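Fold and contact review
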Amino acid sequence: MERKVFQLGDVVQMKKQHPCGTNEMEIIRMGMDIRIKCVGCKHSVLVPRAKFEKNLKKVLRSKEEAEQQLNGLDEQTDE
């Protein structure tokens, strides 16, 4: 089974939803534990890495991709 690749600042979809009704979380801290923040209500939770990886469904928006898109837009407006 392939390991899912994620990094700081990514918005991920979890298997189970947060009590506020959304299952989108932003990664705000990484280490042995991972702190994620609910996109809906801004509540943050500290989750052990193994449990996070088990409950991660997919990466919705990568911080790196968002920065590349912003840089591309900046270059287009400079012309």
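Structural notes, computed from the coordinates. Numbering of residues starts from 1 in every chain and runs along the sequence as written. With pLDDT at 70 or above as the cut-off, local features in this predicted model cover only qualifying residues; side-chain atom pairs require 80 or more to be listed or tallied, and sums for whole chains, interfaces and linings still use all residues. Where side-chain values are given, they derive from all heavy atoms of the structure, hydrogens and water being excluded.

1. Some details on the side chain of Gln 13
Going along the chain from the N terminus, every DSSP run of H or I of four or more residues is numbered as a helix, and every run of E of two or more is numbered as a strand. With respect to the helices, strands and loops of the structure, Gln 13 is situated in strand β1 (residues 11–14). The criterion used for residue contact is that any of the two residues' heavy atoms lie within 4.5 Å. Those residues in contact with Gln 13 that sit more than four places away from it in its chain are Asn 23, Leu 56, Lys 57, Lys 58 and Leu 60.

2. Observations concerning the layout of surface pockets
Here a cavity is any set of points on a 1 Å grid over the protein atoms alone where a 1.4 Å probe fits but cannot get out, and a pocket is any open set with protein on both sides within 12 Å along at least 5 of 7 lines; a residue lines the site when it has an atom within 4 Å of a point. Grid points are joined across faces, edges and corners, and a volume is the space filled by probe spheres set on the points. As a volume, the largest pocket reaches approximately 260 Å³. What lines the largest pocket is simply Met 14, Lys 16, Gln 17, His 18, Pro 19, Met 25, Ile 36, Val 45, Val 47, Lys 51, Phe 52 and Asn 55. Every element with two or more residues in the lining of the largest pocket is listed here: β4 (44–48) and α1 (49–55). The element contributing the most residues to the lining of the largest pocket is α1, with three residues. Residues are grouped as follows: nonpolar covers Ala, Val, Leu, Ile, Met, Phe, Trp, Tyr, Cys and Pro; charged covers Asp, Glu, Lys and Arg; every other residue, Gly included, is treated as polar. Classifying every residue of the lining of the largest pocket by side-chain character gives seven nonpolar, three polar and two charged.

3. Observations regarding the nonpolar core
Here, nonpolar core refers to any group of buried Ala, Val, Leu, Ile, Met, Phe, Trp, Tyr and Cys residues whose side-chain atoms link them within 4.5 Å. Only protein chains enter the accessibility calculation, which uses a 1.4 Å probe; a residue whose area is less than 20% of its type maximum is buried, one above 50% is exposed, and one in between is partly exposed. In terms of nonpolar packing, the biggest core is built from 11 residues, these being Phe 6, Val 12, Met 14, Met 25, Ile 27, Ile 34, Ile 36, Cys 38, Val 47, Phe 52 and Leu 56. When residues of this core are traced back to their parent elements, those giving at least two are β1, β2 (24–29) and β3 (33–38). Of all the elements, β3 adds the most residues to this core, at three residues. Once residues lying within four places of it in the same chain are set aside, the contact partners of Met 14 are Asn 23, Met 25, Ile 36, Phe 52, Asn 55, Leu 56 and Lys 57.

4. Digging into the pattern of salt bridges
Every case where a carboxyl oxygen of Asp or Glu lies within 4 Å of a side-chain nitrogen of Lys or Arg is listed as a salt bridge. Enumeration over the complete set of coordinates arrives at two salt bridges. Salt-bridge contacts for Glu 24 lead to Arg 61; the nearest nitrogen and oxygen are separated by 3.5 Å. Residue Glu 24 is located in strand β2, and its partner Arg 61 is located in strand β5 (residues 56–61); the two are separated by 37 residues in the primary sequence. Glu 24 sits in the partly exposed class, given a relative accessible area of 24%. Overall, Arg 61 belongs to the partly exposed group, its relative accessible area being 44%. The salt bridge partner of Glu 53 is Arg 49, with a shortest N-O separation of 3.7 Å. Taken together, the residues Glu 53 and Arg 49, both in helix α1 and four residues apart, mark about one turn of the helix.

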